[in-house]
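Listed below, chain by chain, are the residues.
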Amino acid sequence: MMRSRSNTQDWDWITILIVAVLLVLGIINLYSAAYNPNHPSLFSASALYGKQIIWIGLGVFIGLVISLIDSDYIRKLTPVAYFFILILLIIVLFTPSVNGARSWLGVGSFGIQPSEFAKLGTALMLAYIIGQHRGNLVTKNTLYFSLFILLLTM
């Protein structure tokens, strides 16, 4: 059952403000370091800083969409997502190397690194395991299983 809540009620506005300031400072820094007189516009998609702004916008959009998903749904989906990520980490071992590294999966002209998703998946899986003991102290079995999850991902 979806719980009704205000979209912005539980957000940590101080953290959001700090992240926004850091993003703006990063764009200013990147613009000053990679300025191209042929593409003086800050929003030029062919310049490095323009691409960075596009990725920031995409990340903010995805973050907003994820914030609207009910946490119980994410909790139920975590083990499935974690094992899917493990499969991607195994598949990447059998792909051709890109610049000497076998860490990329090619999707057309676009490449992804499953290890980036594994960071999030591992954190969610550890939270899932520890969250199973709501209100109780974490047991040795939980500690061992958490260590197993970390080692399995590595």
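See the structure shown above.
A few points on the structure. (Residues numbered from 1 in each chain as written. Predicted model: local features only at pLDDT ≥ 70, side-chain atom pairs only at ≥ 80, totals over all residues. Heavy atoms only, no water.)

**Comments concerning the overall build of the chain**
Okay, so step 1: Helix and strand content of the chain: five helices and two strands.
Okay, so step 2: Order of helices (α) and strands (β) in the chain, N terminus to C terminus: α-α-α-β-β-α-α.
Okay, so step 3: Per-residue burial over the chain gives 18% buried out of 154 residues.
Okay, so step 4: As presented, the chain carries roughly 11700 Å² of accessible surface, and 71% of it is formed by carbon and sulfur atoms. (Helix = DSSP H or I, 4+ residues; strand = E, 2+ residues; numbered from the N terminus. Buried < 20%, exposed > 50% of the residue type's maximum accessible area, 1.4 Å probe, protein only. Areas by Shrake-Rupley, 256 points an atom, 1.4 Å probe, with all protein chains shown as cover.)

**Brief notes about the pattern of salt bridges**
Okay, so step 1: Across all of its chains, the model carries two salt bridges by this definition.
Okay, so step 2: Between Arg 75 and Asp 72 there is a salt bridge, with its nearest N and O atoms 2.5 Å apart. Highlighted residues: Arg 75 and Asp 72, both in helix α3 (residues 71–91), separated by three residues, approximately one helical turn.
Okay, so step 3: By relative accessible area, Asp 72 is classed as partly exposed at 25%.
Okay, so step 4: Between Glu 116 and Lys 119 there is a salt bridge, with its nearest N and O atoms 3.2 Å apart. Of the two residues, Glu 116 and Lys 119 are both situated in helix α4 (residues 114–131); the distance of three residues between them amounts to about one turn of the helix.
Okay, so step 5: In this structure Glu 116 comes out as partly exposed when scored by relative accessible area, which is 42%. (Salt bridge = Lys/Arg side-chain N within 4 Å of Asp/Glu carboxyl O.)

**Describing the packing of aromatic side chains**
Okay, so step 1: Under the definition given, this model contains three aromatic pairs.
Okay, so step 2: Measuring from centroid to centroid gives 5.5 Å for Trp 11 and Trp 13, while their planes differ by 45 degrees, and the two rings are tilted.
Okay, so step 3: We classify Trp 11 as partly exposed; its relative accessible area is 26%.
Okay, so step 4: Between the aromatic rings of Phe 145 and Phe 148, the centroid separation amounts to 6.1 Å while the plane-to-plane angle is 25 degrees, which identifies the pairing as stacked. In this pair, Phe 145 and Phe 148 both sit in helix α5 (residues 140–153), three residues apart, roughly one turn of the helix. (Phe/Tyr/Trp six-rings, centres within 6.5 Å; stacked < 30°, edge-to-face > 60°.)

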